[in-house]
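Examination of the molecular architecture
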Amino acid sequence: MFILAQPALAQNPVAGQISAVKGKVSLIRGQNAPVLLHRRDKVQADDSILTDAKSSATVRLPDGSTIRIFPNSRVEMRSELGKWREFLHVLLGNVRVQIEKISGRPNPKVVTTPTAIIAVRGTIFAAAVAQNGDTQVGVQKGLVAVASQLHPEQEVLVKPGQEVWLRNGKEIS
């Protein structure tokens, strides 16, 4: 009797590693039930990370960039394909993102929200997403280009100390 080996199911690529956890932070992978995240756990593309009112987490990406996820937030890690690489979708709550440059050049990463597309140029910025999808983007260091999901061709550059609002169904303000 011969037993044929079944090919292993392809897993999503590792998107990052948890470098800090405060409180109870949950991970949802696929259709599985939420599990608690711990320091050094790996997160994959398409994983969702949820924080409650008293929890937060920091994800370190392979290039050294970091994502700080604040209380009452839900984010989804994404795969990085193509020239501009969407690596994070913020569904709700607040994040602080620090993107490291690659060999001194801008790191072409993209963060999305229900209303915004945020193209990173090597920077530190924050995004806050309300339950209705309204998004506030503020820059601490560097430069980001922000566009509406409805009008991605209408890009606004946001500099340090500036912020923009993207309200559901409206122009950037």
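Scroll up for the structure.
For the structure given in this document, a descriptive report is provided here. (Residues numbered from 1 in each chain as written. Predicted model: local features only at pLDDT ≥ 70, side-chain atom pairs only at ≥ 80, totals over all residues. Heavy atoms only, no water.)

The number of helices and strands found in the protein is zero helices and 16 strands. Surface summary for the protein: the accessible area is close to 9,800 Å², and the carbon and sulfur share equals 54%. (Helix = DSSP H or I, 4+ residues; strand = E, 2+ residues; numbered from the N terminus. Areas by Shrake-Rupley, 256 points an atom, 1.4 Å probe, with all protein chains shown as cover.)

Positionally, Ser-56 belongs in strand S6 (residues 56-60). The buried category is assigned to Ser-56, whose relative accessible area is 5%. Within the structure, Ser-56 has its side chain in polar contact with the side chain of Arg-68 (distance 3.4 Å). Excluding anything up to four places from it in sequence, Ser-56 contacts Ala-20, Val-21, Lys-22, Val-25, Thr-51, Arg-68, Ile-69, Phe-70 and Pro-71. (Buried < 20%, exposed > 50% of the residue type's maximum accessible area, 1.4 Å probe, protein only. Polar contact = N/O pair within 3.5 Å; in protein donor to acceptor, adjacent residues only side chain to side chain. Contact = heavy atoms within 4.5 Å.)

Turning to the nonpolar core, a few remarks are in order. Note that soluble globular proteins tend to have their nonpolar side chains buried in a common cluster. If you look at the biggest cluster of nonpolar residues, it comprises 34 residues, and the most contacted ones within it are Ile-49, Val-59, Ile-67, Met-77, Leu-88, Ile-118 and Phe-125. The leading source of residues in this core is strand S9 (residues 85-98), at five residues. The residues touching Ile-49, leaving out its near neighbours within four places in the chain, are Ile-18, Val-25, Ser-26, Leu-27, Leu-37, Val-43, Val-59, Ile-69, Ser-73, Arg-74, Val-75 and Met-77. (Core = buried A, V, L, I, M, F, W, Y, C linked by side-chain atoms within 4.5 Å.)

Tallied over the full model, the rule gives zero aromatic pairs. Directly above the aromatic system of Phe-87 lies the positively charged group of Lys-109, at a separation of 5.1 Å from the ring centroid. (Phe/Tyr/Trp six-rings, centres within 6.5 Å; stacked < 30°, edge-to-face > 60°. Lys NZ or Arg CZ within 6 Å of the ring centre and 35° of its normal.)

With that settled, consider the side chain of Asp-134. Mapped onto the fold, Asp-134 is located in the loop between strand S12 (124-129) and strand S13 (135-141). Setting aside residues up to four positions removed in sequence, Asp-134 forms contacts with Thr-115, Ala-128, Val-129, Trp-165, Leu-166, Arg-167 and Asn-168.

Alternating residues of strand S8 (residues 74-77) divide into Val-75 and Met-77, all buried, and Arg-74 and Glu-76, none buried. One ladder, built from three bridges, connects strand S5 (residues 48-51) with S8; its direction is antiparallel. Bridged to Ser-48 within S8 is Glu-76. In this sheet, S9 lies alongside S8 in antiparallel orientation, the contact comprising four bridges. Paired with Arg-74 across the two strands is Leu-92, which belongs to S9. (Pairing = 2+ DSSP bridges.)

In this fold, Ala-116 is placed in strand S11 (residues 116-120). Of the residues examined, Ala-116 reaches a relative accessible area of 0% and is grouped as buried. For the pair Ala-116 and Ala-147, spaced 31 residues apart in sequence, the C-alpha to C-alpha distance is 5.7 Å.

Okay, the pattern of salt bridges next. Scanning all chains against the criterion turns up four salt bridges. Of the charged contacts, one joins Asp-47 and Arg-29 as a salt bridge, the two residues approaching to 2.7 Å between their closest N and O atoms. With Asp-47 in the loop between strand S4 (42-44) and S5 and Arg-29 in the loop between strand S2 (25-28) and strand S3 (35-36), this pair connects stretches of sequence that are 18 residues apart. Taking relative accessible area as the criterion, Arg-29 reaches 29% and is therefore assigned partly exposed. Here Arg-78 ties to Glu-76 by a salt bridge, and the two come within 2.7 Å at their closest N and O atoms. Residues participating in the shared-partner salt-bridge network are Glu-76, Arg-78 and Glu-86. (Salt bridge = Lys/Arg side-chain N within 4 Å of Asp/Glu carboxyl O.)

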